[in-house]
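An overview of the molecular structure
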Amino acid sequence: MYADRTLIKHLSMRRTLFVFSRELLAAATAGPGARVADSERRRTIRQIEASAVASDGLRWLGDAEAAVLAALESHPELSSSQLRDLAPIVDVKMRVGGAGKWGTDAPVGPRLLTILSAAGLAVRGNNRGGWNVSRPMWTSMTRWLGSPLDHVDTAAGIAQMTQAWLRAFGPGTANDLRWWLGVRTTDVKRALTDVAAVEVDLDGSVGYLLPDDLDPVAEVEPWVALLPALDPTPMGWADRDWYLGPHRAVLFDSNGNAGPTVWWDGRVVGGWSQRGNGEIVFQLLEDVGAAAVAAVEAEAARLAAWVGEVRFSPGFLPPFQRKLGS
């Protein structure tokens, strides 16, 4: 991520931060990323004008983006505070959340970096914190990669991302893909045609697989995993009952974000957390048998040993995990 730069931190689908391979980066930017950048630009223009920062929000945003990019191009890396010093136009606040009691004045700088990141123009560089602390430096995408980001047509980008999703998560439904990519239903239909996806039966629903991925899957030994909050596996599908069962309301927050999950043999069966003394604790939400409990205990001990003295605090936790961690 930092030396070879074969993996890139990049804000893309659903305005969420991912790690992409260099091979997928251009597609993620051209497809889902461009939609996020466009949506964030429109929202920012409205809020800039409503907050009386500028009467012409479109022109102001163009000038602000140009100032930030000029600063990033002229320096190897910059912190967000250094960016404000070099591009003082962004050192303003705008009203977000409306004019009522939920409204607040928020700095514009982070929103600009969100836009430029999703558009593939700016990128998180080296991290000034440890692996469990996010304190990124910022730079231009061209500087970080050593060359300009490849240009990919929007439809081709969505098709490439659809192919990657089906390879990792398939079989899945068109609704899964639409939610994951954050694109329109028409975009998904076109992408499924472009990758020659094959329809398969998912217990009465229509699912899709890649044409070279139709062979039966061999049985595997029972397995256990303790996955972190927002892990791509529990977040991989929109239709989740087949692996979540009745536990969605307990293990996901009100915005649909997954907390740390305990998996046994392909299903979510509980949640886990880290206490202040470093202990990894878990709670199972159903009877999985003595062998499964022993396997989860062993995995919790392994995870605690690997983490060692490090303490981490997820940005959010469903109430279940907050109570468990205390």
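A few points on the structure. Keep in mind that what you see is a predicted model, and the values were worked out from it rather than measured. Counting restarts for each chain: residues are numbered from 1 in the order of the written sequence. Under the rules for a predicted model, residues below a pLDDT of 70 receive no local features and side-chain atom pairs below 80 are neither given nor counted, while totals for whole chains, interfaces and linings still include all residues. The side-chain numbers reported here are obtained from all heavy atoms of the structure, hydrogens and water having been left aside.

1. Here's the deal with the packing of aromatic side chains
Rules: Only the six-membered ring of Trp is used, alongside the rings of Phe and Tyr, when aromatic pairs are assigned; centres must lie within 6.5 Å, and planes under 30 degrees apart are stacked while those over 60 apart are edge-to-face, with the rest tilted. Helix and strand definitions here come from DSSP, where helices need a minimum of 4 consecutive H or I residues and strands a minimum of 2 consecutive E residues; each element is numbered from the N-terminal end. In this scheme, a residue with accessible area under 20% of its type's maximum is buried, one over 50% is exposed, and one in between is partly exposed, where area comes from a 1.4 Å probe on protein chains only. Definition used: whenever NZ (Lys) or CZ (Arg) falls within 6 Å of the ring centre and also within 35 degrees of the ring normal, the charge is taken to sit over that ring.
Enumeration according to the criterion identifies 13 aromatic pairs in this entry. With 5.5 Å between their ring centres and 15° between their planes, Tyr 243 and Trp 263 make a pair best called stacked. Taken together, the positions of Tyr 243 in helix 9 (residues 241-244) and Trp 263 in strand 10 (residues 261-264) put the pair 20 residues apart, joining distant regions of the chain. Both residues of the pair, Tyr 243 and Trp 263, belong to the buried class. With 6.3 Å between their ring centres and 80° between their planes, Trp 272 and Phe 312 make a pair best called edge-to-face. Placement of the pair is Trp 272 in strand 11 (residues 267-274) and Phe 312 in the loop between helix 11 (290-307) and helix 12 (319-325), with a sequence separation of 40 residues. According to the relative accessible area criterion, Trp 272 is buried, its value standing at 5%. Aromatic rings pair up to connect Phe 18, Phe 20, Trp 165, Phe 169, Trp 179, Trp 180, Trp 223, Trp 237, Trp 242, Tyr 243 and Trp 263 into one cluster. One residue, Arg 5, lies across the ring of Trp 144, its end atom 3.5 Å from the ring centre. The ring of Trp 179 carries the charged tip of Arg 14 above its face, separated from the ring centre by 4.2 Å.

2. Quick word on the sheet that holds strand 11
The condition that has to hold: A pair of strands counts as paired when DSSP detects no fewer than two bridges linking them. Axis definition: a line fit to C-alpha positions, over the contact stretch in the case of helices; interaxial angles, taken between N-to-C directions, run 0 to 180 degrees.
The four strands are arranged 9-10-11-12 in an open sheet whose pairing can be described as antiparallel. Two strands close off the open sheet at either side, each with one partner strand: strand 9 (224-227) and strand 12 (280-284). In this sheet, adjacent strand axes meet at a mean angle of 30° when their direction is disregarded. Summarising the sheet, strand 11 and strand 12 pair through five bridges and their orientation is antiparallel. Bridge pairing in strand 12 links Gly 271 to Gln 283.

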